[in-house]
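# Structural characterization, general
Chain by chain, the residues:
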Amino acid sequence: MKKFFLLTLALIGFALTTHSQNIADNAIGLRMGDNNGLGAEVSYQRALGGNTRLEADLGWRNGNNYNAFQLTGLYQWVHALDGNFNWFVGAGGGIASFDGKDELNGISETEIFIAGDIGIEYDFDIPLLLSLDFRPTLGFGDFTDDLDFDIALGIRYQF
């Protein structure tokens, strides 16, 4: 009975601390990862209230033989870990487009995908937010036709 009481008390304490973080109203910056071969993405986060926010990421690449872009939207839940450290989890999806320019890469496609997201972040006392996240995506088409895993470092300015 004593262990049950302590476990219950610990869970209630954890639940109360998960809402104690302060999410910035807006954050903009870069998410630097693989992004299905497109590289760094421009990233924007918008707080919705409480411990939730929306994140939108845009990655693109122009090459000699192709043009491509990927737009991702995620709904995230943010929880406090310790001090300025938070962890977050989210789900969403997006759209990707690939346009080949020569006869070998003459494929042009627009596709949709679903995505998940889990990571940690550090909110500095200055308006800087650093994050490290893991994002699996499942695509439905020839360009994003499989399960991909992306690990990225994010750096954002908060305002």
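Heads up: the structure comes first, above all this text.
One structure accompanies this document, and this report is about it.

Scoring rules and cut-offs
Residues numbered from 1 in each chain as written. Predicted model: local features only at pLDDT ≥ 70, side-chain atom pairs only at ≥ 80, totals over all residues. Heavy atoms only, no water. Helix = DSSP H or I, 4+ residues; strand = E, 2+ residues; numbered from the N terminus. Buried < 20%, exposed > 50% of the residue type's maximum accessible area, 1.4 Å probe, protein only. Contact = heavy atoms within 4.5 Å. Areas by Shrake-Rupley, 256 points an atom, 1.4 Å probe, with all protein chains shown as cover. Phe/Tyr/Trp six-rings, centres within 6.5 Å; stacked < 30°, edge-to-face > 60°. Lys NZ or Arg CZ within 6 Å of the ring centre and 35° of its normal. Salt bridge = Lys/Arg side-chain N within 4 Å of Asp/Glu carboxyl O. Polar contact = N/O pair within 3.5 Å; in protein donor to acceptor, adjacent residues only side chain to side chain. Pairing = 2+ DSSP bridges. Axes fitted to C-alpha atoms, helices over the stretch in contact; angles between N-to-C directions. 1 Å grid on protein atoms, 1.4 Å probe; cavity = no way out; pocket = protein on both sides within 12 Å on 5 of 7 lines; lining within 4 Å. Points joined across faces, edges and corners; volume = space filled by probe spheres on them. Nonpolar A, V, L, I, M, F, W, Y, C, P; charged D, E, K, R; others polar.

## Quick notes on the overall build of the protein
Tallying secondary structure elements over the protein gives one helix and eight strands in all. Put simply, the protein runs from its N terminus to its C terminus through helices and strands in the order α-β-β-β-β-β-β-β-β. Looking at the protein as a whole, 37% of its 159 residues are labelled buried. Considering only intrachain contacts with a sequence separation of at least 6, the fraction spanning at least 24 residues in the protein is 51%. In the structure as shown, the protein presents an accessible area of about 9,100 Å², 67% of it carried by carbon and sulfur atoms.

## Overview of the packing of aromatic side chains
In the structure shown here, the tally under the stated rule is five aromatic pairs. Against the face of F88 rests R53, its NZ or CZ located 5.2 Å from the ring centre.

## With respect to the pattern of salt bridges
Counted according to the given criterion, the structure contains nine salt bridges. With a closest N to O distance of 2.8 Å, D133 and R31 form a salt bridge. Of the two residues, D133 sits in strand 7 (residues 128-140) while R31 sits in strand 1 (residues 26-32), which places them 102 residues apart along the sequence. Of the residues examined, R31 reaches a relative accessible area of 0% and is grouped as buried. The salt bridge involving E121 is made with R53; its shortest N-O contact spans 2.9 Å. A residue pair is termed long-range when its members are at least 10 positions apart, and E121 in strand 6 (residues 108-123) and R53 in strand 3 (residues 52-62) qualify at 68 residues. Taken together, the shared-partner salt bridges in this structure form one network comprising R31, E41, E55, D57, D117, D133, R135, D150 and R156.

## Some remarks on the side chain of N26
Looking at where N26 falls in the secondary structure, it is placed in strand 1. Overall, the relative accessible area of 11% leaves N26 in the buried class. Reaching out from N26, the side chain makes a polar contact with the side chain of Y44 at a distance of 2.4 Å. Polar contacts involving the side chain of N26 include one to the side chain of R46, which spans 3.1 Å. Setting aside residues no more than four positions away along its own chain, N26 makes contact with Y44, Q45, R46, Y157, Q158 and F159.

## Focus on the sheet that holds strand 2 (residues 41-49)
Taken in spatial order, the eight strands close into a barrel running 1-2-3-4-5-6-7-8, and their pairing is antiparallel. Adjacent strand axes in the sheet meet at a mean angle of 25°, parallel and antiparallel pairs treated alike. Here strand 4 (residues 66-82) pairs with strand 5 (residues 85-100) via 16 bridges, running antiparallel. In the strand pairing of strand 5, T72 is matched with G94.

## So, empty space enclosed by the protein
The tally for this structure, following the rule as stated, stands at two cavities of 30 Å³ or more. If you go around the largest cavity, you meet 15 residues; those closest to its centre are I23, A24, R53, L129 and Q158. Of all elements in the fold, only strand 1, strand 2 and strand 6 reach the threshold of two or more residues within the lining of the largest cavity. With three residues, strand 2 is the single largest residue contributor to the lining of the largest cavity. In terms of residue class, the lining of the largest cavity is made up of five nonpolar, five polar and five charged. R31, N35, N36, E41, Q70, T72, R135, T137 and D150 together form the lining of the second largest cavity.

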